Amino acid sequence: MALLEVKDLKVRVEEREILHGLTLTVNEGEVHAIMGPNGSGKSTLSHVIAGKPGYEVTDGQILFKGEDLLEMAPEERAAKGVFLAFQYPVEIPGVATMTFLRTALNAQRKARGESEYSTPDFLKKVREVSKSLNIPQDMLKRGVNVGFSGGEKKRNEVLQMALFEPSLCILDEMDSGLDIDALRIAADGVNALHSPKRAMVVITHYQRLLNYIVPDFVHVMSKGRVVKSGDKQLALELEESGYAQFEDAA
Amino acid sequence: MPAVQETVERVKRIDVDQYRYGFETLIESDKAPKGLSEETVKFISQKKNEPAWMLQWRLEAYRRWLTMTEPTWARVDYPKIDFQDLYYYAAPKPKKTVTSLDEIDPEILRTYEKLGIPLREVAMLEGVEPKVGEQDPARRKIAVDAVFDSVSVATTFKAELKKAGVIFMPISEAIREHPELVQKYLGSVVPTSDNFYATLNSAVFSDGSFVYVPPGVRCPMELSTYFRINERNTGQFERTLIIADKGSYVSYLEGCTAPQRDENQLHAAVVELVALDDAEIKYSTVQNWYPGNSEGKGGIYNFVTKRGDCRGNNSKISWTQVETGSAITWKYPSCILRGDNSRGEFYSIAISNGFQQVDSGTKMIHLGKNTSSRIISKGIAAGKSQNTYRGLVTAHRKATGARNFTACDSLLIGDKCGAHTVPYIEAKNSSATFEHEATTSKISEDVLFYCIQRGLSQEEAVGLVVNGFVKDVLQQLPMEFAVEAQKLISISLEGSVG
Amino acid sequence: MNVALAKTGNGRAVSDLFTSAEGRLPGSPAVAAVRREAFETYERLGLPHRRIEEWKYTDLRALVGEVLPLAAAPDSAALKRAAEAVKAHAVAGARKLVLVDGVFAADLSDVKALASEASLKTLHEALANEANAAAGDLLQTATTDAVISLNAAMATDGVVVSVADGTQLSAPIQIIHVATAAGASAFTRSHLRIGKNVRATVVESFVAAGKVGGYQVNDAVILWVGDNADVAHIRLMDDAPDAVNVTSHFVTVGADVKFNIFNMTAGAAVSRLQGFITLAGENSELSANGVNLLQKTEHGDTTLVVDHAVPNCVSREVFRAVIDDRAHSVFQGRIIVRPDAQKTDGKMMTRALLLSDEAEADNKPELEIFADDVSCGHGATAGALDDSLLFYLKARGLPEKQAQALLIQAFVGEAIEQIADDGLREHVIGIAERWLERRS
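Presented here is a report on the structure given in the accompanying data block. Only a predicted model underlies this, so the values are computations on that prediction, with no experimental measurement involved.

Considerations on the overall build of chain B
Right, so step 1: Helix and strand counts for chain B come out as 12 helices and 23 strands.
Right, so step 2: With 498 residues in all, chain B has 62% of them scored as buried.
Right, so step 3: A sequence separation of at least 24 residues applies to 84% of the contacts in chain B between residues at least 6 apart.

Right, dumping it as structure tokens:
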């Protein structure tokens, strides 16, 4: 069964239609890249899947593991296994990262009817994962993302991804604001999470990221629709010829 | 701290010599009998040939005023005013009926020339006139209405404005010529019962400016009024009413001066602005009334009520003020943000020196949805003056999405003055977003030293810092006024800053 | 009951409040004269109302209307109920001084434990001491208004604590005010004299015994902090949801002092803390912080006047309000810098979080500055919870209420973290958590 099915999705923001009937199917274990110029609706898609307020779905549906995702609150979607790595992770002053991780993880487990993590198990797990991502322990004591560099913020997103073990990871412009070293560390973290049960949707403007996270499928979006799909070769073609050829196709 | 000491010494030396507008014009004038009574009100109304409804309006205000008491909440201190010891009306005695500028008393024209205000249109047209549609900011035309004591003496560029459909005339004329507009809007923003001074003004106002900009019209030039108090013991009570009809735009400038006299003179004006749907009004003031002498004797009591009503959706009212004069300033140009998406702005520079007392600020009253306001206030206190910012920002229950940003900064020069900040911030619904910040400091010794080390004199360095301090507000003024205002700031602080 | 209308123009009823209580009010004839004068002042002014600038946002005439009659001295049943409340609200390890319905309860207090480190008298004793000609001064304060005058006239008891120079208190002193009587008022006044080089923490808690409500509290604290002392003064107001609490603090701070104040408002239908803090010695540092947690139709007012009377002092104020339902929070903070108080560094930050469309936050942060070589400032914000933060938390699996609670805790945490003592801080966080649980 498909993990994620987006069917003929139409979305408006403040009376303006952004997505004009988008269709996308993602199966377990697959890595999909969604590419497109600015304003093509890539980030809108990720926000709608995660349930961000302010978007009006006027038509179509999103099924996740066969269930209607649009009927669920954002936190229910998270508990079901939808994870959005934010393009701009917010800063939450006063909430220690450690407190946040634990509260979120246990909220998800509780929603799934699972027992809460014991403190030693939790600490062990966080330490393991943060070490592999090169995240210093003192960073975990600070407020969530407060005073973090761009690279640190993205690594914090990957850390959460590793902890929460979602079945669908949506990476929204993960490369924005990162230098090549920071990008490599973050991408390595993502690759380590690759598994036959987990799917990734990588949203990016540039081909660069796909050198590190190699997609099985590439979709090109333009003006609120998927205008072309192919394999990783398509990304390289785009690098050569740019998005202009698709502007008219939409 | 030798640098500071020097500044302090300079502040001490400030005296009346700095007031360059303190001369008196010798002309004959026509006065109402001293004191205030129903007869005075009737006298003024009669002098103005007013219709019966206007007299009735005034008399109602007068009767109301008799029941009111002077406000005491402001941080200003002055002896009780004897309202029976004032003249409420003084007009330059016309030699004969005036039909053109040439027939105005040359003394008055010379007065305005001395003040740097060109009443003769030709003066503005010197040199090459800009081509139609081309806006050369340095040579923009300005239409001027000059108010001498209580009456308007000249309004320029009437014909050109008329072509655009803009009405710009003394309010006394408007009462006769456009009664439907005056009756509809007068007192609709500042009701006759509003406050002690506004009510007094409603009873005895003698003149002022009236502006009406019809729908969709962008007023082709800056409109400007210059107020001059000349007579002794005379209260000046102007009334200004500006209406920007749907989709229109107007920029209005106001300047004030007075001769230096030992006694205090009262100035209690009322300004009402109405902006309908999509309209914008920009109102700028450079207030330079006589501030009193170095002992604190004399000077104008400037007790003014200014309020704008963003009545229509998407309307905008912007107040900019440079307050350097007056012995006492009591004024709070405000915006009622009634229309949805309307916007109010208040940019202020208030400088006090000598014994001046300033209590000024604004009120931003958010009533409509998604309204926004911005307040930038710069107070500079020197000498033995007291300088208070007082401001209210309030978002009512239904004003969802209201936003305000306020920054008020005070600078102290010398250790005998006071700078105070009294904001009232009232949020009555959860979608209101308010941000307020205020600072009070003196000019940094480090900054001064840095400048001086780079070769600036003490005065230049202080001037530089003060100019930087007020820059955000000066930028809001139309260019002609910005230059004048910058000069004024220097003059006001002369001796204490460059 | 409730006959004592506290409005001018109803002199007879007002006087009843005083005359019916007079027999119970301790003091020599000289003290009685001070009381009578104070009462006359109160009678002339009546309860504060919105036309009094300092009370603009807290109109007691409209909110309270009347002052309830003096509470009876607690009987053994009342003391028993009070003991349970004390147990529930005691700070671990603190030395307790308990006032029940305005009367000192020695049996509930740690009088012996405190004796080695501080001297203790009750206000009742101090006022009744015929030998002390200046006893009336205990009822005088530098600043006064109608509620302070009323307190001077009606104060039945309180504690008079003195900590000698050089003492390091080994445990906090906790003054616990317990109300056991509905429909009655308690008037208390305490004097705390902290000597030079002292290290001390004083906590004041206001609580109700069991489910009692509908009472009024009018407390005054006069505090002196000696040179070079390091003092924390923490007030925790957790009164019954339908109670009224008006507290006035008068603090005089010496030189080279570190002084930390914290106030938490987490109960009462109508409450006001008005603090008048004078920095009277140079090189002192004041940290004044507070949290208002309000729900239902509660009205909570925190008013702080910080007076820099001398040069070279630093003051920092951090204030947070969380307002739910139809509650109304008021913060008035005034920093005064006197003409000679050069090199003053005074900053104040107040933020209000509105959780409901009908909540109201009024902020009046004032600067009144008469010296030039200063660096002063204040900031104020008001707004709702940040939607983007809420969404981030929800996207990570937190339900709405839990996400809100986390953000609210972080919001008030910025003020609470100014409390240095770990145990006390946890105690305060506990009060905040209980408040969050009460949210509907």
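Some words on the interface of chain C and chain B
Right, so step 1: With 34 residues of chain C in contact, the opposing surface of chain B contributes 33 residues.
Right, so step 2: Between chain C and chain B lies a buried interface of about 2,600 Å² when both sides are counted; carbon and sulfur atoms form 47% of it.
Right, so step 3: Together, C:Asp357, C:Phe370 and C:Asp372 form the three largest contributors to the area buried by chain C at its contact with chain B, with a combined 21%.
Right, so step 4: Where chain C touches chain B, the interface holds 3 salt bridges.
Right, so step 5: For C:Glu360, the salt bridge identified is with B:Lys428, shortest N-O distance 3.9 Å.
Right, so step 6: Viewed at the interface, chain B and chain C are joined by 16 residue pairs in polar contact (both at pLDDT 80 or more).
Right, so step 7: For the side of chain C that touches chain B, the elements supplying multiple residues, two or more each, are β18 (360-369) and β19 (375-383) of chain C.

A closer look at the packing of helix α8 (residues 387-395) of chain C against helix α9 (residues 400-416) of chain C
All names here are of chain C.
Right, so step 1: One way to put it is that α8 packs onto α9 with a least axis distance of 9 Å and a crossing angle of 125°. When the axis of α8 is compared with that of α9, the two are oblique. As for the relative orientation of α8 and α9, their crossing is right-handed in sense. Between α8 and α9, the residues in contact are Leu389, Leu390, Leu393 and Lys394 and Glu400, Ala403, Gln404, Leu406 and Leu407, respectively.
Right, so step 2: The class makeup of the residues in the contact of α8 with α9 is 6 nonpolar, 1 polar and 2 charged.

Some remarks on α8(C)
All names here are of chain C.
Right, so step 1: In terms of residue burial, α8 counts as a mostly covered element, since 7 of its 9 residues are buried.
Right, so step 2: The set of residues buried in α8 consists of Leu389, Leu390, Phe391, Tyr392, Leu393, Lys394 and Ala395.
Right, so step 3: The positive-phi residue at the C-terminal boundary of α8 is Gly397, with phi of around 105°.

Observations concerning the pattern of salt bridges
Close approach of charged atoms allows side chains with opposite charge to pair.
Right, so step 1: Tallied over the full model, the rule gives 51 salt bridges over all chains.
Right, so step 2: B:Lys80 serves as the salt-bridge partner of B:Glu70, at 3.4 Å between the closest nitrogen and oxygen. Taken together, the residues span a long stretch of sequence, with B:Glu70 in the loop between α3 (52-66) and β2 (90-92) and B:Lys80 in the loop between α3 and β2 at a distance of 10 residues.
Right, so step 3: With a relative accessible area of 16%, B:Glu70 lands in the buried category.
Right, so step 4: Of the residues examined, B:Lys80 reaches a relative accessible area of 72% and is grouped as exposed.
Right, so step 5: The partner of C:Glu400 in a salt bridge is C:Lys394, with the nearest N and O atoms 2.7 Å apart.
Right, so step 6: By relative accessible area, C:Glu400 is classed as partly exposed at 31%.
Right, so step 7: When salt bridges with common partners are traced through the structure, they connect B:Arg75, C:Glu53, C:Arg334, C:Lys364, C:Glu366 and C:Glu368 into a single cluster.

Things to note about the state of the cysteines
Right, so step 1: Scanning the model with the defined rule gives 0 disulfides over all chains in all.
Right, so step 2: Cysteine B:Cys219 is unpaired, with the sulfur of B:Cys310 as its nearest cysteine sulfur at 18 Å.

Focus: the sheet that holds strand β10 (residues 199-204) of chain A
Residues and elements named next belong to chain A.
Right, so step 1: Taken together, the 6 strands give an open sheet; going across it, the order is β6-β9-β10-β3-β11-β12, and neighbouring strands pair in mixed fashion. Across the chains shown, the open sheet's two edge strands, defined by having one partner strand only, are β6 (82-85) and β12 (225-230). Shown here is a sheet whose adjacent strand axes are inclined to one another by a mean of 20°, direction ignored.
Right, so step 2: The pairing of strand β9 (residues 168-172) with β10 spans 5 bridges and is parallel. Within the sheet, the bridge partner assigned to Asp172 lies in β10 and is Ile203.
Right, so step 3: Against the sheet, helix α6 (residues 150-164) makes contact with β6 and β9, and its axis sits at roughly 170° relative to β6, the strand it touches most.

Topic: the interface of chain A and chain C
Right, so step 1: Contacts between the two partners involve 30 residues from chain A and, on the opposite side, 16 residues from chain C.
Right, so step 2: Three residues, A:Glu75, A:Phe86 and A:Val90, lead the burial of chain A against chain C; their summed loss comes to 28% of the area buried on that side.
Right, so step 3: Our enumeration of links across chain A and chain C arrives at 1 salt bridge.
Right, so step 4: In this structure, C:Arg396 engages A:Glu157 in a salt bridge whose closest nitrogen and oxygen atoms are separated by 2.7 Å.

Comments concerning the sheet that holds strand β2 (residues 16-26) of chain A
All names here are of chain A.
Right, so step 1: If you walk across this open sheet you meet the 4 strands as β2-β1-β4-β5, and the pairing is antiparallel. With one partner strand each, in any of the chains shown, β2 and β5 (67-68) form the two edges of the open sheet.
Right, so step 2: As judged from the 8 bridges shared by strand β1 (residues 4-13) and β2, these two strands associate in the antiparallel manner. Note that in β2 the partner of Lys10 across the bridge is His20.
Right, so step 3: Together, β1, β2 and β4 (56-64) form the strand contacts of helix α1 (residues 42-50), whose direction differs from that of β1 by roughly 110°.

What counts, and at which threshold
Residues numbered from 1 in each chain as written. Chains lettered and ligands numbered in written order. Predicted model: local features only at pLDDT ≥ 70, side-chain atom pairs only at ≥ 80, totals over all residues. Heavy atoms only, no water. Helix = DSSP H or I, 4+ residues; strand = E, 2+ residues; numbered from the N terminus. Buried < 20%, exposed > 50% of the residue type's maximum accessible area, 1.4 Å probe, protein only. Contact = heavy atoms within 4.5 Å. Buried area = accessible area lost by both parts, 1.4 Å probe. Salt bridge = Lys/Arg side-chain N within 4 Å of Asp/Glu carboxyl O. Polar contact = N/O pair within 3.5 Å; in protein donor to acceptor, adjacent residues only side chain to side chain. Axes fitted to C-alpha atoms, helices over the stretch in contact; angles between N-to-C directions. Parallel < 35°, antiparallel > 145°, perpendicular 65-115°, else oblique. Left-handed = near helix turned anticlockwise from the far one by under 90°. Nonpolar A, V, L, I, M, F, W, Y, C, P; charged D, E, K, R; others polar. Disulfide = S-S within 2.5 Å. Pairing = 2+ DSSP bridges.

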